[in-house]
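Remarks on the overall topology
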Amino acid sequence: MRDMVEIGMGRTARRTYELDDIDIVPSRRTRSSKQVSLAWQLDAYRFEIPFLAHPTDALVSPKFAIELGKAGGLGVINGEGLWARHADVDAKVQQLTEVAEKEGTEAAVALLQELHAAPMKADLLAAAVAEVRAAGVTTAVRVSPQNARALTPSLVQAGIDLLVVHGTIISAEHVGDGEPLNLKTFIAELDVPVVAGGVSDHRTALHLMRTGAAGVIVGYGSMQGSTTTGEVLGIGVPMATAIADAAAARRDYLDETGGRYVHVIADGETLTSGHVAKAIACGADAVMLGVPLAIARETPGNGWYWPSAAAHPSVPRGAVLPYAVDEERVPLDQVLNGPSNDPFGSLNLVGGLRRSMAKTGYSDLKEFQKVGLNVRG
């Protein structure tokens, strides 16, 4: 195969590409950005912009989930995070960021682990879900494969609209200390749609689609500096290739089922509006944002960010890092819709994506997935 290279005698590896390795190719047509739609629909739920928030307590409080929902996106609450364990989350987050600032990220991760060692309380999480539901926006909660079976009944009873079964690496069947979690059986027994991930290859994405998942997350939230899965586990997800592989799995599954479409959600290395455009161009239907949202004033992290995997009790995979001090934080609406004074694309993410699609002549997300691509170098 042309994309295989020899890395040593008898050992080959596949050549893969990050989003920074590719560029979108202009077509023969341009159009007005006013003619571009960014809407997409996951099961029964329509969203006006293809943005989800990574399920970390640094970003998604009930308040933030409401604000992002009103803006047309989706905030995913971490169902195993601080909102499920503590009644005074704002104070706990302030304590965490103060420790990170004074003592460094290792001390902050140790405190994060301590905060996550507190028992989960169903009533606290139910209250968070109720707050989001009362605002009239789509309510989504993330659980890990290990705890999905135990936590989901209370979440369904609380009234969630979408369940996100999310881990660093996920498979169609999770084998743990107890009974394996068979996602196909698990999803079939639920009355709410399930989004599952992350995956990084065609085969695993196809297997997850066959479980009945409404969406598949590609990647594990990797962001420069904050996510350390590569350093800790040696596992890397080159996002351009991973998204394209999952999109190919989606086509295969569409043919296999005679028309069932499973959405692909990219989660990693989307730091700018250009990265977002490239992720959609590679085949994603939507993008899960982490660091780009950390500068929004509505986030509970006060300009600090850490991925959900940073709190793992024995193998933490993420740093607690500052991305904006008080005067640098801006309203969520400015992050999404501008105005922007940043020439590098960290603000007006919606406008950047819309303009990219308009400049290449595409009017909706599914059309834009067919745009031409170049590999740099």
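Quick notes on the rules
- Residues numbered from 1 in each chain as written.
- Predicted model: local features only at pLDDT ≥ 70, side-chain atom pairs only at ≥ 80, totals over all residues.
- Heavy atoms only, no water.
- Salt bridge = Lys/Arg side-chain N within 4 Å of Asp/Glu carboxyl O.
- Helix = DSSP H or I, 4+ residues; strand = E, 2+ residues; numbered from the N terminus.
- Buried < 20%, exposed > 50% of the residue type's maximum accessible area, 1.4 Å probe, protein only.
- Phe/Tyr/Trp six-rings, centres within 6.5 Å; stacked < 30°, edge-to-face > 60°.
- Lys NZ or Arg CZ within 6 Å of the ring centre and 35° of its normal.
- Polar contact = N/O pair within 3.5 Å; in protein donor to acceptor, adjacent residues only side chain to side chain.
- 1 Å grid on protein atoms, 1.4 Å probe; cavity = no way out; pocket = protein on both sides within 12 Å on 5 of 7 lines; lining within 4 Å.
- Points joined across faces, edges and corners; volume = space filled by probe spheres on them.
- Nonpolar A, V, L, I, M, F, W, Y, C, P; charged D, E, K, R; others polar.
- pLDDT = per-residue confidence, 0-100.
- Contact = heavy atoms within 4.5 Å.
- Pairing = 2+ DSSP bridges.
- Right-handed = clockwise from strand over helix to strand, strands pointing away.

1. Comments concerning the pattern of salt bridges
Per the counting criterion, the structure on display carries eight salt bridges. A salt bridge links Arg 46 to Glu 48; the nearest nitrogen and oxygen atoms lie 2.7 Å apart. Between Arg 210 and Glu 256 there is a salt bridge whose closest N-O contact spans 2.7 Å. Of this pair, Arg 210 sits in helix H7 (residues 202-210) while Glu 256 is found in helix H9 (residues 239-257), placing the two residues 46 residues apart along the sequence. On the accessibility criterion, Arg 210 (36% relative accessible area) is partly exposed.

2. Focus on the packing of aromatic side chains
A complete count under the given rule lists three aromatic pairs for this structure. Taking the centre distance of 6.4 Å and the plane angle of 80° together, the rings of Tyr 305 and Tyr 323 count as edge-to-face. In this pair, Tyr 305 sits in strand S16 (residues 304-305) while Tyr 323 sits in the loop between strand S17 (321-322) and helix H11 (332-337), placing the two residues 18 residues apart along the sequence. On the basis of an interplanar angle of 65° and a centroid distance of 5.9 Å, the ring pair of Tyr 362 and Phe 368 is categorised as edge-to-face. Classification of Tyr 362 by relative accessible area gives buried; the value is 17%. The lysine or arginine in question, Lys 366, covers the ring of Tyr 261, its NZ or CZ lying 4.5 Å from the ring centre.

3. Looking at the environment of Asp 267
Relative to the elements of secondary structure, Asp 267 occurs in strand S14 (residues 263-268). Owing to a relative accessible area of 1%, Asp 267 belongs among the buried residues under this scheme. Sequence separation between Asp 267 and Val 350 is 83 residues, and the spatial gap between their C-alpha atoms is 17 Å. In terms of polar contacts, Asp 267 uses its side chain to reach the side chain of His 54, at 3.5 Å.

4. Focus: the environment of Glu 98
Tracing the backbone through its elements, the reader meets Glu 98 in helix H2 (residues 89-103). Of the residues examined, Glu 98 reaches a relative accessible area of 37% and is grouped as partly exposed. For the pair Glu 98 and Asp 57, spaced 41 residues apart in the sequence, the C-alpha separation amounts to 16 Å.

5. Describing empty space enclosed by the protein
Within this structure, the stated rule accounts for one cavity of 30 Å³ or more. Taken together, Thr 56, Asp 57, Asn 78, Leu 112, His 116, Trp 306, Pro 307, Ser 308 and Ala 311 make up the full set of residues lining the largest cavity. Residue classes in the lining of the largest cavity are distributed as four nonpolar, four polar and one charged.

6. Remarks on the confidence of the model for the chain
For the chain, per-residue confidence averages 91 on the pLDDT scale, and residues scoring 70 or more make up 92% of the total. The model gives residues 172-177 a pLDDT under 50, and that stretch makes 14 contacts with residues more than four places away or in other chains.

7. Thoughts on the layout of surface pockets
Approximately 250 Å³ is the volume attributed to the second largest pocket. Asp 3, Arg 14, Arg 15, Tyr 17, Ile 22, Ala 240, Thr 241, Ala 244, Asp 245, Cys 282, Leu 373 and Val 375 together form the lining of the second largest pocket. Looking at the lining of the second largest pocket, the elements with two or more residues in it are H9 and strand S18 (373-375). A per-element tally of the lining of the second largest pocket places H9 first, with four residues. For the lining of the second largest pocket, a count of residues per class yields seven nonpolar, one polar and four charged.

8. Looking at the side chain of Thr 138
Within the fold, Thr 138 resides in the loop between helix H4 (122-134) and strand S8 (140-143). Ignoring anything within four residues of it in the chain, the contact list for Thr 138 reads Tyr 45, Phe 47, Leu 74, Val 132, Asp 161 and Leu 162.

9. Quick word on the side chain of Thr 360
With respect to the element layout, Thr 360 can be found in the loop between helix H12 (349-359) and helix H13 (365-368). For Thr 360, the side chain forms a polar contact with the main-chain oxygen of Ser 356, separated by 2.9 Å. Dropping the residues within four chain positions of it, Thr 360 is found in contact with Ile 24, Val 25, Pro 26, Ser 27, Arg 29, Phe 368 and Val 371.

10. What about unusual backbone geometry?
Along the chain, Gly 197 connects to Gly 198 via a cis peptide bond; the corresponding omega equals 10°. Position of Gly 198 among the secondary structure elements: in strand S12 (residues 194-199). Cis geometry marks the peptide bond from Gly 338 to Pro 339, where omega comes out at 10°. Turning to its location among the elements, Pro 339 is positioned in the loop between H11 and H12.

11. Let's talk about the pairing of strand S15 (residues 286-289)
Residue alternation in S15 divides its side chains into two sets, Ala 286 and Met 288 and Val 287 and Leu 289, and both sets are buried. By the bridge criterion, three bridges tie strand S6 (residues 51-53) to S15 in an arrangement that is parallel. By the bridge assignment, Ala 53 is partnered in S15 with Leu 289. Both S14 and S15 contribute to a ladder of two bridges, which runs parallel. Its bridge partner lying in S15, Ile 265 is registered against Ala 286. Between the parallel pair S14 and S15, the chain is carried across by helix H10 (residues 273-282), and the sense of this crossover is right-handed.

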